[in-house]
Amino acid sequence: MGAASQSWVLDALGLFGADETARCLAPLVQVWPGESAHQRAVKGLDVLLAIGTDVALMQLHSISQKVKFKGIKDQAQARIDALADQLGLTPAQLADRLVPDLGLGADGTMVLDFGDKTFTVGFDEQLRPTIADEQGKPRKSLPKTTTEPGASAVKTFAALKKDVRAIANLQLRRLEEAMVTQRGWTVKDFTTYLVEHPLVWHLTRRLVWRCDNGFFRVAEDKTFAGVDDEVFAPAGTVTVAHRLDLGDQATTWASLLADYEIAQPFPQVGRDTYTADQVAALDGVTVPTGKVLGLESRGWRRGSAEDHGWQTTIDRPVLDGTVWRLGLDPGIVVDMPMMNPEQTIRPSGLASLDPITCSEILRDLHGLHG
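Residues numbered from 1 in each chain as written. Predicted model: local features only at pLDDT ≥ 70, side-chain atom pairs only at ≥ 80, totals over all residues. Heavy atoms only, no water.

Visitor: What exactly am I supposed to notice about the environment of Gly236 here?
Guide: Checked against the element boundaries, Gly236 lands in the loop between β8 (224–225) and β9 (237–240). Overall, Gly236 belongs to the partly exposed group, its relative accessible area being 38%. C-alpha of Gly236 to C-alpha of Ser36: the two residues are 200 residues apart in sequence and 50 Å apart in space. With near-sequence residues (within four places) excluded, Gly236 lies in contact with Trp185, Thr186, Val187 and Asp212. (Helix = DSSP H or I, 4+ residues; strand = E, 2+ residues; numbered from the N terminus. Buried < 20%, exposed > 50% of the residue type's maximum accessible area, 1.4 Å probe, protein only. Contact = heavy atoms within 4.5 Å.)

Visitor: What's the story with the sheet that holds strand β6 (residues 209–211) in this structure? I'm lost.
Guide: Within a beta sheet, neighbouring strands are joined by backbone hydrogen bonds and run either parallel or antiparallel to one another. The sheet built from five strands is open, its strands ordered β5-β9-β6-β7-β8 with antiparallel pairing. In the strand order of this sheet, the two ends are held by β5 (184–186) and β8, each with one partner. One ladder, built from two bridges, connects strand β7 (residues 214–218) with β8; its direction is antiparallel. The partner of Arg217 across the bridge, within β8, is Ala225. (Pairing = 2+ DSSP bridges.)

Visitor: Help me understand the side chain of Ser359, please; the structure alone is not making it clear to me.
Guide: Position of Ser359 relative to the elements: it lies in helix α13 (residues 355–369). Here Ser359 falls in the buried class, since its relative accessible area comes to 0%. Not counting residues within four places of it along the chain, the set of residues in contact with Ser359 comprises Leu244, Asp272, Thr273 and Tyr274.

Visitor: Just checking my understanding: could you explain empty space enclosed by the protein for this structure?
Guide: Here the idea is plain: a probe the size of a water molecule rolls over the atoms and shows the empty space left. Evaluation of the coordinates by the stated rule reveals one cavity of 30 Å³ or more. As for the largest cavity, its lining consists of Met58, His61, Ala95, Leu98, Val99, Ile167, Leu170 and Gln171. The set of elements that each furnish at least two residues to the lining of the largest cavity consists of α4 (54–66) and α7 (150–181). Top contributing element to the lining of the largest cavity by residue count: α7, with three residues. Residues belonging to the lining of the largest cavity are distributed by class as follows: six nonpolar, two polar and no charged. (1 Å grid on protein atoms, 1.4 Å probe; cavity = no way out; pocket = protein on both sides within 12 Å on 5 of 7 lines; lining within 4 Å. Points joined across faces, edges and corners; volume = space filled by probe spheres on them. Nonpolar A, V, L, I, M, F, W, Y, C, P; charged D, E, K, R; others polar.)

What follows is the structure, given as structure tokens:
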């Protein structure tokens, strides 16, 4: 099939495609650049945007965050930024609105009807689907069936798992990044897009939150409770509380979450913390290049290429809009990133940074050789 024919087909998908089209198209868009089909991948982004459903836009946002080809990743991000600007939102605010509800009920579950019995789908702290029978007993899988309505229920569950796989890691990373960057929500937006969202709710209730008048969690009935388990009314800006925010209350919160058997989606109340004076111990440490490259999934960016394509720094954006720079020796070659299997890291000072940013940078660096 020629390029013109392919373009016509993609145009048609944009006009007539729906959620299943987006689910099938997105994985292709992510691999096409590696098959010398960058322009086809760009066209695929426009198709996802044209389909415009919650699932299609979720797939577009996911590509903007995690695809390995920088060119198509940047193109996806440009479309997300343009859409956010069109709606008068920041990209982060748009991301809140792009999480599809996946047909879940208000309580964050889905009931699958097999005719003679039903099964309830929920989610754990990593947004992995769970299954329970009518007595609430956990099951590893649904029963096999070829008869209706069970067969339709099995198909619905398969589509749900596919959608959740596409967005789970993104949502986990998004909330952890919000904690690290100290991003805030109004109480109204926090309630609307996190507490009341049937999927994100499963993560929201497992974290400790901070606002202008204290710390709180979201209870099972979606009310707010303080560390004393009394009703709490949040005011001002809501953020994901960092371990450094919690101070002496961290132990109390850890005990409370343990009492309720609440597992956290990422380390929060028990998170390792560091101070600026600990950076010197990392100067000259040799670490695997693969782990340095892994920092990019945590918001780091490789520095500009120097002579012959060498990148001798990797940068961490900080709150004032600048970057904190980590030196690399011998550095990374753009076209052959694993040519040198190890890097000697040369961190600069951290004293000018706020305590949370400082701690998180050192946590990432300790993870390079941990």
